[in-house]
Amino acid sequence: MEFKIALVQFNPARKNVDSNIEKITALISNIKADLIVLPELANSGYLYQIPNDLRPYSEPADGSGPFLSALKKLSKASGGLIISGYAELAGNQLFNSAVAVSPDGVIENYRKIHLFADEKSLFESGDQGFKVFQWQGVKIGMMICFDWIFPESARTLALLGAHIIAHPANLVLPYCQDAMITRSIENKVFTITANRIGQETLGEQTLQFTGGSQITAPQGKVLYRAPGDETAIHTTIIDPLQASDKTISPRNNLFEDRRPSMYHG
Ligand code: ACM
């Protein structure tokens, strides 16, 4: 099966949803792809002091806000699904979420389960678990940035049947890109890490985001790695169904050989 994927790396602005919509539109409005993956918090940027500061730049998961409406239009133009990180407003609560938007609107929403550092002052931890959904016959799961360091995240998505793990990110630690090679190998899945670039400063704190967005195949081959500090778009064609085969050797299968009864501490 041929499935065209696109990864987008850019520098989301803080406190300016319109500018981020404009940037994303300029980057992807001419791309035809079955799946486009954008970074974490692509509507809002990253650093905020308190939830009240972020709330004006967040929106509900039902697709009624400006950012998800724009993604729906872009999805129609691309003919495919768009997955993006965004700040989600649910009642009065904020979640660091990833959304899958089709030409018909939102089809899935994931709330980041493992919050990193000061995200704990802004967001609630995800409360709905990991999810896998089907798009054009392909099973797709979402996780966000720091979820990578818990192997359980990718494992759960793989056990739910994911062929592709879409992984919006705002990475600041240097380990993830290499670790995603292992995540792909140990689960035999495609992973698409769409990271951001640039720097944000708030008070005494400055964060440098590491770029290096990456597409990794089930055998661990890096199909693409973006530069560390440049806007980048990369499209490639994969066969997601390769990820259905969990064979490691004639006598080993990644899932059938698991021994969960032995995994207690
Ligand atoms: C991160 O989870 N944004 C580092």
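So, here's what we can say about the structure. Numbering of residues begins from 1 in every chain and follows the order in which that chain's sequence is written. For a predicted model such as this one, the threshold for reporting local features is a pLDDT of at least 70, and the threshold for listing and counting side-chain atom pairs is 80 or more; totals across whole chains, interfaces and linings nevertheless cover every residue. Excluding hydrogens and water, the side-chain values take into account all heavy atoms of the structure.

### Some thoughts on helix 1 (residues 17–28)
Because each turn of an α-helix spans 3.6 residues, side chains separated by three or four positions in sequence point in the same direction.
Part 1 of the reasoning: Only runs of H or I of at least four residues qualify as helices and only runs of E of at least two qualify as strands under DSSP, and these elements are numbered from the N terminus. Multiply 1.5 Å by the residue count of a helix minus one, and that product is the helix's expected span. Taking 1.5 Å per residue, 12 residues should reach 16 Å; helix 1 reaches 16 Å between its end C-alpha atoms and fits that length.
Part 2 of the reasoning: Per-residue accessibility, obtained with a 1.4 Å probe over protein chains only, is compared with the maximum for each type, and a residue is labelled buried under 20%, exposed over 50%, and partly exposed between these values. Within helix 1 the residues assigned to the buried category are Val17, Ser19, Asn20, Ile21, Ile24 and Ile28.
Part 3 of the reasoning: Contacts from the buried residues of helix 1 go to strand 1 (3–9), strand 2 (35–37), helix 3 (66–78) and strand 3 (81–90). In this description, contact between two residues means that some pair of their heavy atoms is separated by no more than 4.5 Å.

### Regarding the pattern of salt bridges
Part 1 of the reasoning: Salt bridge, as used here: a side-chain nitrogen of Lys or Arg that lies within 4 Å of a carboxyl oxygen of Asp or Glu. Summed over all chains, the structure comprises nine salt bridges.
Part 2 of the reasoning: A salt bridge links Glu119 to Lys112; the shortest N-O distance between them is 2.8 Å.
Part 3 of the reasoning: Classification of Lys112 by relative accessible area gives buried; the value is 0%.
Part 4 of the reasoning: For Glu200, the salt bridge is made with Arg196, and the minimal N-O distance between the two is 2.7 Å. The exposure classification of Glu200 matches that of Arg196, with both residues buried.

### Description of the packing of helix 1 against helix 3
Part 1 of the reasoning: Two elements in contact, helix 1 and helix 3, have axes separated by 10 Å at closest approach and are oriented at 10°. Between helix 1 and helix 3, the crossing angle belongs to the class labelled roughly parallel. Here Val17, Ile21, Ile24, Thr25 and Ile28 of helix 1 come into contact with helix 3, specifically with Pro66, Phe67, Ala70 and Leu74.
Part 2 of the reasoning: Amino acid classes used here: Ala, Val, Leu, Ile, Met, Phe, Trp, Tyr, Cys and Pro are nonpolar; Asp, Glu, Lys and Arg are charged; the rest, including Gly, are polar. In terms of residue class, the contact of helix 1 with helix 3 is made up of eight nonpolar, one polar and no charged. Note on definitions: angles span 0 to 180 degrees between N-to-C directions of axes, and those axes are lines fitted to C-alpha atoms, for helices only across the stretch in contact. Angular relationships are summarised with four words: roughly parallel below 35 degrees, roughly antiparallel beyond 145, roughly perpendicular across 65 to 115, and oblique for the angles in between.

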